[in-house]
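Chain and residue survey
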Amino acid sequence: MSSESIQSFGKVAVLFGGTSAEREISILSGTGVLEALRARGVDAHAFDPAERDLVELKREGFARCFIALHGRHGEDGTVQGALELLGIPYTGSGVMASSVAMDKVMTKRIWQADGLPTPKYVRLAADQQSREQIMAVPDVLGLPVIVKPPREGSSIGVTKVEGYSQMQDAVALSAKYDADVLCEEFIEGEEVTCAVLGHGLDAQALPVVRIAAPEGAYDYQNKYFTDDVKYHCPSGLPEAEEKEIQRLTLAAYRTLGCRGWGRSDVMIRASDRKPFLLEMNTSPGMTTHSLVPMSARAVGIAYEDLCVRVLASAALDSEGKV
């Protein structure tokens, strides 16, 4: 991108930190993005919404925002709505798509309505968590079952339940992070992820990344703080499987109304190689362990150039890019 184009971005705020359970990861992501944008000549500045009022963005003359926040009050449509009111273009999906994608239950409902494959689930609302209701879940979904908060990311509050006796503790852990609890059919097989750049019919799926975690434990610690997880990109999957996951991811992204960029998490069932959509991340991680930069590298997009490309896509819903 030319220096004239870089200058046209104006003063840029990289939003990171925030108040969610993923604050630590957001700081890692945002620091990387900030350094990358500055390395490309962007007038970029750190901005932590946990420490400063968003109104200061307008007061200080910021022309656009790169959202490197994860989780609540960053990825769930709230910050996006505030930036809409302030009239400051931002990266990633708009208010509605961000809000829906943050809620895994709502996401699954929309995908199911459009015939997209996602694991079976039971939602336990706050008033549906009696012992009897909790113990009935494995009867519906079988064992193992995944129990997780529907509005958190980074594997926070997630338990793989192997037996009935673990259900109560798993629901209690999840309920610490969210009043509702999502219980999901466990798909035995390989975990992959697929990144998307762009908007609408112009959106492009990047190469699939295959994740090989120790004993299948792709948890918070292994995601960010160890080198025990192996990531394969190229994925090593048969070409037809790779293309199907890219097709499915694009359909999932467009159905939710996402824009800018995103990343789907997908399980491939070992028994029949059928892919199942788990979730859509609308503000993907940008740490040294993150998967969107890895996928972009596979097609020759350097980390710094990826950050600039995402920043260039910053927009407002009110501009018609919903």
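The structure under discussion appears in the preceding block.
First, a word on scope: everything that follows refers to the structure included in this document. Given the structure is predicted, the values throughout are model-derived calculations rather than measurements. (Residues numbered from 1 in each chain as written. Predicted model: local features only at pLDDT ≥ 70, side-chain atom pairs only at ≥ 80, totals over all residues. Heavy atoms only, no water.)

A closer look at helix α6 (residues 104–113)
Structural remark: α-helix, 3.6 residues per turn; residues separated by three or four positions point the same way. Among the residues of α6, those classed as buried are Lys104, Val105, Thr107, Lys108 and Trp111. For α6, the buried positions fall inside an angular range of 160 degrees around the axis, keeping them on one side. Close packing links the buried residues of α6 with α5 (95–102), β4 (121–124), β5 (145–148), β7 (181–185), α11 (239–256) and β13 (275–281). At the N-terminal boundary of α6, the capping side chain belongs to Asp103, with an oxygen 3.0 Å from the backbone nitrogen of Val105. Phi turns positive, to about 75 degrees, at Gly115, one or two residues after α6. (Buried < 20%, exposed > 50% of the residue type's maximum accessible area, 1.4 Å probe, protein only. Helix = DSSP H or I, 4+ residues; strand = E, 2+ residues; numbered from the N terminus. Arc of directions from axis to C-beta. Contact = heavy atoms within 4.5 Å. Polar contact = N/O pair within 3.5 Å; in protein donor to acceptor, adjacent residues only side chain to side chain.)

Considerations on the environment of Ser98
Position of Ser98 among the secondary structure elements: in helix α5. The exposure class of Ser98 is buried, given its relative accessible area of 1%. Once the C-alpha coordinates of Ser98 and Ser283 are considered, the two residues, 185 residues apart in sequence, prove to be 8.6 Å apart. Sequence-distant contacts of Ser98, defined by excluding residues within four places in its chain, comprise Glu75, Asp76, Gly77, Gln80, Ser93 and Thr282. In this structure the side chain of Ser98 is engaged in a polar contact, spanning 3.0 Å, whose partner is the backbone oxygen of Ser93.

Quick notes on empty space enclosed by the protein
For the structure shown, the criterion picks out one cavity of 30 Å³ or more. Empty space within the largest cavity amounts to approximately 50 Å³. Around the largest cavity, the lining residues are Ile67, Gly74, Glu75, Gln80, Thr91, Gly92, Ser93, Ser98, Trp261, Thr282 and Ser283. For the lining of the largest cavity, the per-class residue count stands at two nonpolar, eight polar and one charged. (1 Å grid on protein atoms, 1.4 Å probe; cavity = no way out; pocket = protein on both sides within 12 Å on 5 of 7 lines; lining within 4 Å. Points joined across faces, edges and corners; volume = space filled by probe spheres on them. Nonpolar A, V, L, I, M, F, W, Y, C, P; charged D, E, K, R; others polar.)

Geometric values such as these leave the question of function open.
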